[in-house]
Amino acid sequence: MPEAAYDEIADWYETEFTAGQRYGAAHADPLGLDALIRDLLGAGSGPCLEIGCGTGVHAGRVRDLGWTPVGVDLSGGMLRHARGRLPVARADAARLPVRDASVSAVLSVMVHTDMPDYSAVVREAARVLRPGGALTHIGVHPCFCGAFADRRDAEAVVIRPGYRESHWSRESWTDQGVRDKVGASHLPLPALLGAFTAAGLVLDRFAEGGGPTPVVFGLRAVRPADGAVARP
Ligand SMILES: C[S@@+](CC[C@H](N)C(=O)[O-])C[C@H]1O[C@@H](n2cnc3c(N)ncnc32)[C@H](O)[C@@H]1O
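Note that the structure is a prediction, hence the values are computed from the model and not measured.

Conventions used here
Residues numbered from 1 in each chain as written. Predicted model: local features only at pLDDT ≥ 70, side-chain atom pairs only at ≥ 80, totals over all residues. Heavy atoms only, no water. Helix = DSSP H or I, 4+ residues; strand = E, 2+ residues; numbered from the N terminus. Rg over C-alpha atoms; globule rule 2.2 N^0.38 Å. Buried < 20%, exposed > 50% of the residue type's maximum accessible area, 1.4 Å probe, protein only. Phe/Tyr/Trp six-rings, centres within 6.5 Å; stacked < 30°, edge-to-face > 60°. Salt bridge = Lys/Arg side-chain N within 4 Å of Asp/Glu carboxyl O. Contact = heavy atoms within 4.5 Å.

What should I look at first to understand the overall build of the protein in this one?
From N to C terminus, the protein includes 7 helices and 11 strands. Relative to the 2.2 N^0.38 estimate, which gives 17 Å for 232 residues, the radius of gyration of the protein is 17 Å and therefore close to what a compact globule would have. The dimensions of the protein, computed from C-alpha atoms along their principal axes, are 45 × 35 × 35 Å. Taking all 232 residues of the protein together, 50% fall into the buried category.

Structure follows, in structure tokens:
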């Protein structure tokens, strides 16, 4: 299994990052994750498999939409916090301990930059989705976030050269985030969208969150009712 970089920062993530965004907390939801999950995942029933569920911060949102949240994550440290929030298993999202075509919904929130081969993760999600089921992807916006983006002044985001190349970096405009601690990879928008179509999924809806320049980009990708998906 790949190294679980988040073990080192799990307690920090829970107290400094997750707690402020916890569903139902009085705090704001600056990235608009609540609205994005409602819009893109939508209401449903049965298991919703969250890949990279981390501390389980979205479990309440998923449950409120009618789904039964279940999560997988690489990091035992993150899962320690998640356990009271949803049923979880420690697993690599690129090798899910889940049968083919067995779930109607897969959710991926703020994780693709933590998964260097996100295309393989998307293919694996497509494998476990039932025909007609959907993968909801919500992640940092590939155009406006990354080592090439300086967001110090939210009103005047500076985009430097570097967007076009896929890369991994710990460079960040802030020392209050995740990138400077565990690093993050970057996929330009065409490569990100291509990961879903190459897996045999059909792009259905798109959304953005945060502002004034969006911080988050999301989409819903559906496994065709009669279509084969690419094998991982
Ligand atoms: C930025 S956190 C996001 C956690 C949660 N989804 C949220 O929105 O707060 C990224 C998570 O992805 C997990 N992760 C990274 N690579 C993974 C992999 N290959 N398989 C499963 N989880 C992974 C990390 O352990 C971490 O918990």
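I would appreciate a short explanation of the packing of aromatic side chains in the present structure.
Centre-to-centre distance and the angle between the planes together describe a pair of aromatic rings. If you walk through the whole model with that rule in mind, you get 5 aromatic pairs. Both rings, one in phenylalanine 148 and one in tyrosine 163, keep their centres 5.8 Å apart while their planes meet at 85 degrees; by these two values the pair is edge-to-face. Taken together, the residues phenylalanine 148 in the loop between strand 5 (129-140) and strand 6 (149-150) and tyrosine 163 in the loop between strand 7 (158-159) and strand 8 (167-169) connect sequence positions 15 residues apart. Overall, the relative accessible area of 21% leaves tyrosine 163 in the partly exposed class. On the numbers, 6.3 Å between centres and 25 degrees between planes, the contact of phenylalanine 206 with phenylalanine 217 is stacked.

Quick question: what am I supposed to make of the pattern of salt bridges here?
Any two side chains of opposite charge can pair if their charged atoms end up close together. Following the criterion strictly, the structure yields 13 salt bridges and no others. Salt-bridge contacts for aspartate 150 lead to arginine 160; the nearest nitrogen and oxygen are separated by 3.8 Å. Of this pair, aspartate 150 sits in strand 6 while arginine 160 sits in the loop between strand 7 and strand 8; the two residues are 10 residues apart in sequence, bridging distant segments of the chain. Given a relative accessible area of 11%, aspartate 150 falls into the buried group. Of the residues examined, arginine 160 reaches a relative accessible area of 46% and is grouped as partly exposed. We note a salt bridge from lysine 181 to aspartate 180, for which the minimum N-O separation is 3.4 Å. Among the residues examined, lysine 181 registers a relative accessible area of 22% and is labelled partly exposed. Salt bridges here are not isolated pairs; linked through shared partners, they connect Asp29, Asp34, Arg38 and Arg61.

Would you take a moment to explain the environment of valine 229 for this structure?
By the secondary structure assignment, valine 229 is in the segment after strand 11 (216-222). The spatial distance from the C-alpha of valine 229 to the C-alpha of valine 72 is 22 Å, given a sequence separation of 157 residues. Other than its neighbours up to four places away in sequence, valine 229 contacts Ala126, Arg127, Ala199, Gly200, Leu201 and Arg223.

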